[in-house]
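One-letter residues, chain by chain:
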Amino acid sequence: ALALYFPRKEYLENVYIDEPAGTPLLHIHALKDSQEEVAHFHLCQNLIISRARSHENNWFQIKEKAGLLYLSKSLDREDFNMLSVGNWMPLSKVMLYVFLSSHPFQEKECDSATRTTVFLSLINATAPACSSLTARQLCFTEMDLSFHIKENKPPGTFHQLQLPSVHHLCHNLSISYKLLAAEGVPFRYNETTTSVQVTQRLDREERERYELIAKCTVREGFREMQVEVPFLVNVLDEDDSPPFLPNGTDTADAVVEFNRKEGTVLSTLTVYDADTTPIYPLESSRKKYTGTIITDDPWISETFRVEHIFDEIHFSPNGSQVRGTRHEY
């Protein structure tokens, strides 16, 4: 089974007419299950075009070990007309898949379950002048800076703040970044590479969500512009913590009196699980934990039953809010 994974489910980027071959478009990262793994990236050769058409990919390539998606051929107006639904449209959206493996890809190997989706907006215009772009456009793409990192996995780089295409085209601008975060969070920004790393293994039962701020400063001569956007990290659960009982009590006494009506609750037992949250359909959660009356007496089995209800609750370890489940039997 492949253990490498993408910290994002999808990526977005714009591609303009006549951008030269070799123009870098975006940087894709992978995180590891074990420190020894080496990530290899691969593109499937078909572009998925609007309205479910597909076309052979002649324009985009990815560096197998670096994860850098780039233009391998300039996209001219004839190409745009061919890839767009109609040449009257100013924009056409295409989709391609980036696959991930811990070993070099074989020719046409595109059956890996580990993949992410790249949505490219093909724009029927040449790239705008850098001086006409806002600070937001120079610093960040249209994507939300939202990531998913699995708990208990090794540290690693999962994002690069600097936009490859802007850095490639806008030589007269100075663009710098900072990652604003509370003291002690397990993330580090490298000013030299503009990359963001998770610095230690995460524990979802300790903290499920980190909310940081990415700050960008653009300098052009004596002019300076700044922009800030949310930078969010969600920790994905691994189901590594057992359920627990309040006060350690794993039994409950039941007193049965005569003439009790059907449906009378005789006893309850509560179980907490900080590791998982209710999943749907509800029957899937019920199957995970079952309540059973252990008896050899058929009358007891026919007369009594265990009902299971559950709901989502929140725990607060270290002052942060973590979701979990309360099961009542």
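Everything quoted here is computed from the prediction, not taken from an experiment.

Caption draft 1: Region of the structure containing the domain arrangement of the protein. Domain boundaries in the protein define domain 1 (1–127), domain 2 (129–237) and domain 3 (239–328). One C-alpha centre belongs to domain 1, the other to domain 2, and the line joining them spans 21 Å. If you look at the interface, domain 1 gives 24 residues, while domain 2 gives 23 residues. By the criterion of area lost to domain 2, the three top residues of domain 1 are Tyr 5, Arg 8 and His 29, representing 28% of everything that side buries.

Caption draft 2: Broad picture of the sheet that holds strand E17 (residues 270–273). With respect to topology, 3 strands assemble into an open sheet ordered E17-E19-E18, the strand pairing being antiparallel. Unpaired on one side and paired on the other, E17 and strand E18 (309–315) mark the two borders of the sheet. Sheet twist, expressed as the average angle between the axes of neighbouring strands with direction ignored, equals 25 degrees. Across 7 bridges, E18 lies against strand E19 (residues 322–328) in antiparallel orientation. If you follow His 314 over to E19, its bridge partner there is Arg 323.

Caption draft 3: Examining the state of the cysteines more closely. By the definition in use, this model includes 2 disulfides. Residue pairing for Cys 130: its cysteine sulfur links by disulfide to Cys 170, the two sulfurs lying 1.9 Å apart. The sign of the -85 degrees torsion about the S-S bond sets the Cys 130-Cys 170 disulfide as left-handed. Placement of the pair is Cys 130 in the loop between strand E9 (115–126) and helix H2 (135–139) and Cys 170 in the loop between helix H3 (164–169) and strand E12 (174–180), with a sequence separation of 40 residues. Each sulfur of the disulfide joining Cys 139 and Cys 216 lies 2.0 Å from the other.

Caption draft 4: Quick peek at unusual backbone geometry. The phi torsion at Asn 152 lies on the positive side, around 65 degrees, for a residue other than glycine. Its location among the elements puts Asn 152 in the loop between strand E10 (145–150) and strand E11 (156–160). The class for Asn 152 is partly exposed, based on a relative accessible area of 26%. At Thr 194, a residue that is not glycine, the phi angle is positive and equals roughly 60 degrees. Its location among the elements puts Thr 194 in the loop between strand E13 (187–190) and strand E14 (195–198).

How each quantity is defined
- Residues numbered from 1 in each chain as written.
- Predicted model: local features only at pLDDT ≥ 70, side-chain atom pairs only at ≥ 80, totals over all residues.
- Heavy atoms only, no water.
- Domains from an automatic or database assignment.
- Contact = heavy atoms within 4.5 Å.
- Buried area = accessible area lost by both parts, 1.4 Å probe.
- Pairing = 2+ DSSP bridges.
- Helix = DSSP H or I, 4+ residues; strand = E, 2+ residues; numbered from the N terminus.
- Axes fitted to C-alpha atoms, helices over the stretch in contact; angles between N-to-C directions.
- Disulfide = S-S within 2.5 Å.
- Buried < 20%, exposed > 50% of the residue type's maximum accessible area, 1.4 Å probe, protein only.

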